[in-house]
Amino acid sequence: MKVFSTMSGKKEDFVPLSGNKVGMYACGVTVYDYCHIGHARSAVVFDVIRRYLKYRGFDVKYVRNFTDIDDKIIRRANEEKIAWDAVSEKYINEYYKDMDGLGIARADVEPRATDHISEMIDVISTLMEKGYAYEVAEEGGKSVYFAVDRFNGYGKLSKKDLDDLQAGARVNVDERKHSPMDFALWKASKEGEPWWESPWGKGRPGWHIECTAMAIKHIGRSIDIHGGGADLIFPHHENEIAQSEAYTGEQFAKYWMHNGFITIDKEKMSKSLGNFFTIREILELFDPEAVRLFILSTHYRSPIEFSQEQLRDAESSLDRFYSTISRIDEYSARPCEGSADKRGQEAIDELRTCLEQFRQRFEEAMDDDFNTAMAIGHFFELVREINRFLDMKIKGEQAAVLASKAKAVLNEFGSILNLFSKTPYEWNAALLKTKKLPVTEAEIQQQIDQRKAARQNKDWAAADTIRKDLEAKGILLEDKHNGTAWKVRIS
RNA sequence: GGCGGCGUACCCAAGUGGCUAAGGGAGAGGUCUGCAAAACCUUUAUGCAGCGGUUCGAAUCCGCUCGCCGCCUCCA
């Protein structure tokens, strides 16, 4: 397996630090607002990476944190005139609503910064002892800063030169810092701010220190994979490396993985620009599976331009997929009597070969730095092969069994991408709700029954009228040998 | 200004030295169908921003030009 690491800027062979155990830490969200689709991308990507590593037989421990204390949370609390922890509690709940809705599995550990204050204090104390950090007197207590120039190798992840950084610093120069790039490990609390007791008086942790403390506590002094959005490379992950490696004297993370952004009009989606869609806004309009397919159709490191058209394309793709599953189900349910002729036997052998090759191709794609886009391409290649096979209407039980096998393969590998796991019925029923179509399933069925009677009387005009009426409401009818099926029109 | 990335058909997108440049969406024609839908078949890039170079051979490596974006401040 090859994994691209931001540290080396190359794809590297993936070899865990210890046997087949993989410790994976992904930076989660700061809980002060609803999550947007960019957060969804990061969650989906690392969810799939974790699933694939497990599929590959690794014993994965996945940790994803919540930053539940920070300036923005405090500001939000002040704006809403509620307690800071009411803000974080609320948005953690909302996070789960969104992510569960999207089908993101929970991480093995989902630690919160404020549950790890003592661990952070321990790390900071050690950094003080080792001379990597210094205190600064503040009103009512002391703050602690990390001295960036004491850490040899600062900038190695983001490829930044300390001198350039300082020369180009846009940060307001803080007189109390020895160097403008130094960052807070511990902040003395101001009047009215939340605080915890520490060797430096009342205060709260800086942003970066939580990940060091929680990664080390829940995974270990060295972790295999550390991930997050590309915007965390600097300064957050750079600072994490400095703190952690200064603290342990060991390599903090073996592989650094960063997902690309979601853009709108080519610009990064972000809270500050205001050009974002929240996850819940999207889920009002599109099926969660379409959102996941949209995200996974592009390699995780490339930018994705957000658009509703793209989401609709993803829906159409899924609809194609589920139509095929539906065809398989019909075929397997009533296999043609008799046995396969020579051509049929050849087709059976061919499809069998396709299924074997699919496994290889899927793994090859995913082994290459989790190339989900390529893997999905292989799914649809297989879908076409299956459709061709079904079109041949091969006689005999053997062919029916093979069609079921094909479905099982699709489902098995789909589950690694957390895609393609519904039944065709569930897909359409979900769409009926998501698209808020003005008909119920019962009404559709009733119309289908009426139309059936008309068709038996060869009253094509009446039958076509019913079909047109339903189509106007977004429902397509498909006449098949064993009856009429309905589906939601994607448009 | 420093560092990094991107530019593949009508749209999205994979491919990063060598079989006919994956796959999805959209369009056109055909097969099937009472008619449709779905499915299948054919079709839509002698071409990979442009110009040079390296090479037996490049979308893929190198250089330059143009266009776009990201990080350097909180950010997935």
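Here the structure is shown first, and the text comes after it.
Residues numbered from 1 in each chain as written. Chains lettered and ligands numbered in written order. Predicted model: local features only at pLDDT ≥ 70, side-chain atom pairs only at ≥ 80, totals over all residues.

A. Broad picture of the protein's contact with RNA strand B. Near RNA strand B there are 65 residues, and of these Gly38, Gly229, Gly377, Asn387 and Trp460 occur at the shortest range. A total of nine residues in the surface near RNA strand B trace back to one element, the largest contributor, which is helix α12 (residues 372-391). Grouping the amino acids of the surface near RNA strand B by side-chain chemistry returns 21 nonpolar, 23 polar and 21 charged. (Near = placed C-beta within 6 Å. Helix = DSSP H or I, 4+ residues; strand = E, 2+ residues; numbered from the N terminus. Nonpolar A, V, L, I, M, F, W, Y, C, P; charged D, E, K, R; others polar.)

B. Representation of the environment of tyrosine 25 within the structure. Of note, tyrosine 25 is situated in strand β3 (residues 21-30). Given 29 C-beta atoms within 10 Å, tyrosine 25 falls into the buried group. C-alpha separation for the pair tyrosine 25 and isoleucine 117, spaced 92 residues apart in sequence, amounts to 19 Å. With near-sequence residues (within four places) excluded, tyrosine 25 lies in contact with Val63, Ala215, Ile219, Ile223 and His226. (Buried ≥ 20, exposed ≤ 12 C-beta atoms within 10 Å, placed from the backbone. Contact = placed C-beta atoms within 7 Å.)

C. Just the pairing of strand β6 (residues 141-146), in detail. As paired strands, strand β5 (residues 133-138) and β6 are joined by six bridges and run antiparallel to one another. In the strand pairing of β6, tyrosine 134 is matched with tyrosine 145. Connecting β5 to the antiparallel partner β6 that follows it, the hairpin turn spans two residues, and glycine 140 within it adopts a positive phi of roughly 75°. Examined bridge by bridge, β6 and strand β7 (residues 183-188) share three bridges and lie antiparallel to one another. Paired with phenylalanine 146 across the strands is phenylalanine 183, a residue of β7. (Pairing = 2+ DSSP bridges.)

D. Region of interest: unusual backbone geometry. In this structure, the amide linkage connecting phenylalanine 234 to the following residue, proline 235, adopts the cis form with an omega of 0°. Position of proline 235 among the secondary structure elements: in helix α7 (residues 233-248). Unusually for a residue other than glycine, lysine 266 sits at a positive phi of about 70°. Taking the number of C-beta atoms within 10 Å as the measure of exposure, lysine 266 has 7 and is therefore exposed. In the Ramachandran plot, lysine 436 falls in the positive-phi region, its phi being about 50° despite a non-glycine side chain. Residue position: lysine 436 is located in the loop between α14 (424-434) and α15 (441-456).

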